[in-house]
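Chain and residue survey
In case you want the letters, here they are:
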Amino acid sequence: MNNYNQPYSPGGFQVMPPAIKTIILINVAVFFLQYSPIGNILMYFGPLWPVASSGEYTFQIWQLISYMFMHGGLAHILFNMFALWLFGTEIANYWGTKEFTAYYFICGIGAALINLLTTIGSPYPTVGASGAIFGILLAFGMMFPDRYIFLYFLFPIKAKYFIAGYAAIELLMGINNAGMGSGSNIAHFAHLGGMVVGFAYIKFRQQGFSFSDWLDKTFPKKDERSGPKLYKKEREETNLQVSEEEIDAILDKISRQGYESLTEEEKKKLLKAGSK
């Protein structure tokens, strides 16, 4: 088991867990599509447009997810994907692919909902995986509170203080922008939303609730061991159960009449007894 007091170095069981690899690849693919001939179509359907926004761009339900895969520039996507890998790797290794993916989308959707509440009537859309990423940061701070993070790669600070400080800054910036009517292009309340929803989900998880477990129970996989073919095989094996008396009788028959005198069923019984 890892020592939580040691400096954080990403890796764990897999340096690039499947969930993180898939999320990064999708984000990169969508980013390139944004600058392709269909970029205008993506900008119409993909971003999270505010509720009651005017003009040709309006909020649609799928935008709660699609906005998470769009970014406003190269620095935006590089920072988000780097943070996803840096802080999400060990969480994904601990939780597994399904649970980590569920948490990521729960945080992203939660961030979108809170952002919608704080941007009603705004003419500006929201894009980026930052809400989900901030949920990942929160999870890392709760799971590994005493791990050291090197701020600007130079100054060591424990994860719990780093995350708490980041949350405080986002809250102050969000309140300041709302109070001054600032047109900031940073969705501070979306970041906080990802953290708040992530915190609530982790608390539920600590009480034994798991979204991936709920999915498994609600939509159980078909038992591969069941089915006509295997049932027939098990039935045949059951019918082939033989006693020592039957084996003795078969051996006596061989001694008297030879192996070729055995029926197919007697041969199967003898073979089964020999395999034991």
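Our structure's up above, just so we're on the same page.
Attention here is on the structure that accompanies the text. The residue numbers shown here count from 1 along each chain, following its written sequence. Only residues with pLDDT of 70 or above have their local features reported here, since the model is predicted, and side-chain atom pairs are shown and tallied only from 80 upward, although totals for entire chains, interfaces and linings are computed over all residues. Note: side-chain values were computed over all heavy atoms of the structure, leaving out hydrogens and water.

1. Observations concerning the packing of aromatic side chains
The rule is short: rings of Phe, Tyr and Trp, with Trp giving its six-membered ring, pair when the centres are within 6.5 Å, and they are stacked under 30 degrees, edge-to-face over 60, tilted in between. Scanning the model with the defined rule gives 13 aromatic pairs in all. Ring geometry for Y44 versus F45: centroids 4.8 Å apart, planes at 80°, classification edge-to-face. With a 1.4 Å probe rolled over the protein chains alone, any residue whose accessible area is under 20% of its type maximum counts as buried; one over 50% counts as exposed, and the rest are partly exposed. Since its relative accessible area comes to 34%, Y44 is described here as partly exposed. Overall, the relative accessible area of 39% leaves F45 in the partly exposed class. Ring geometry for F87 versus F140: centroids 5.3 Å apart, planes at 75°, classification edge-to-face. In this pair, F87 sits in helix α4 (residues 74-95) while F140 sits in helix α6 (residues 130-143), placing the two residues 53 residues apart along the sequence. Secondary structure elements are taken from DSSP: a helix is a run of H or I of four residues or more, a strand is a run of E of two residues or more, and numbering for both begins at the N terminus.

2. Section: the environment of T101
One can find T101 in helix α5 (residues 97-118). Along the sequence, T101 and I20 sit 81 residues apart, while their C-alpha atoms lie 8.4 Å from each other.

3. Some words on the pattern of salt bridges
Basic side-chain nitrogens of Lys or Arg form a salt bridge, by our definition, when they fall within 4 Å of a carboxyl oxygen of Asp or Glu. Summed over the entire model, instances satisfying the criterion amount to four salt bridges. Here K158 and D146 are joined by a salt bridge, their closest N and O atoms 3.7 Å apart. Linking K158 in strand β2 (residues 155-158) with D146 in the loop between α6 and β1 (148-151), this pair joins segments that are 12 residues apart in sequence. Among the residues examined, K158 registers a relative accessible area of 24% and is labelled partly exposed.

4. Considerations on α5
Here the expected length of a helix is defined as 1.5 Å per residue gap, with one fewer gap than residues. Under the 1.5 Å per step criterion, the end-to-end length of α5 is 32 Å for 22 residues, consistent within 8% with the ideal 32 Å. Within the span of α5, buried status applies to E99, F100, A102, Y103, Y104, C107, G108, G110, A111, A112, N115 and L116.

5. Some details on the nonpolar core
Nonpolar cores are built from buried Ala, Val, Leu, Ile, Met, Phe, Trp, Tyr and Cys residues. Side-chain atoms within 4.5 Å join them into one set. By size, the foremost hydrophobic cluster in this structure holds 47 residues, and its most contacted members are L84, F87, I91, F100, Y103, Y104 and I136. At the level of elements, α1 (18-34), α4, α5, α6, α7 (159-180) and α8 (188-206) are the ones that each hand at least two residues to this core.

6. Section: the packing of α5 against helix α9 (residues 211-218)
Put simply, α5 and α9 touch, their axes get as near as 8 Å, and they point 110° apart. Judged on the interaxial angle alone, α9 and α5 are roughly perpendicular. Only F211, S212 and D216 of α9 make contact with α5, whose side of the interface consists of K98, E99, A102 and I106. Amino acids outside the nonpolar list (Ala, Val, Leu, Ile, Met, Phe, Trp, Tyr, Cys, Pro) and the charged list (Asp, Glu, Lys, Arg) are all regarded as polar, and Gly is one of them. For the contact of α5 with α9, a count of residues per class yields three nonpolar, one polar and three charged. Working convention: axes come from line fits to C-alpha atoms, limited for helices to the stretch in contact. Angles between N-to-C directions cover 0 to 180 degrees. Angle categories: roughly parallel below 35 degrees, roughly antiparallel above 145, roughly perpendicular from 65 to 115, and oblique for all the rest. We call two residues contacting when some pair of their heavy atoms lies within 4.5 Å.

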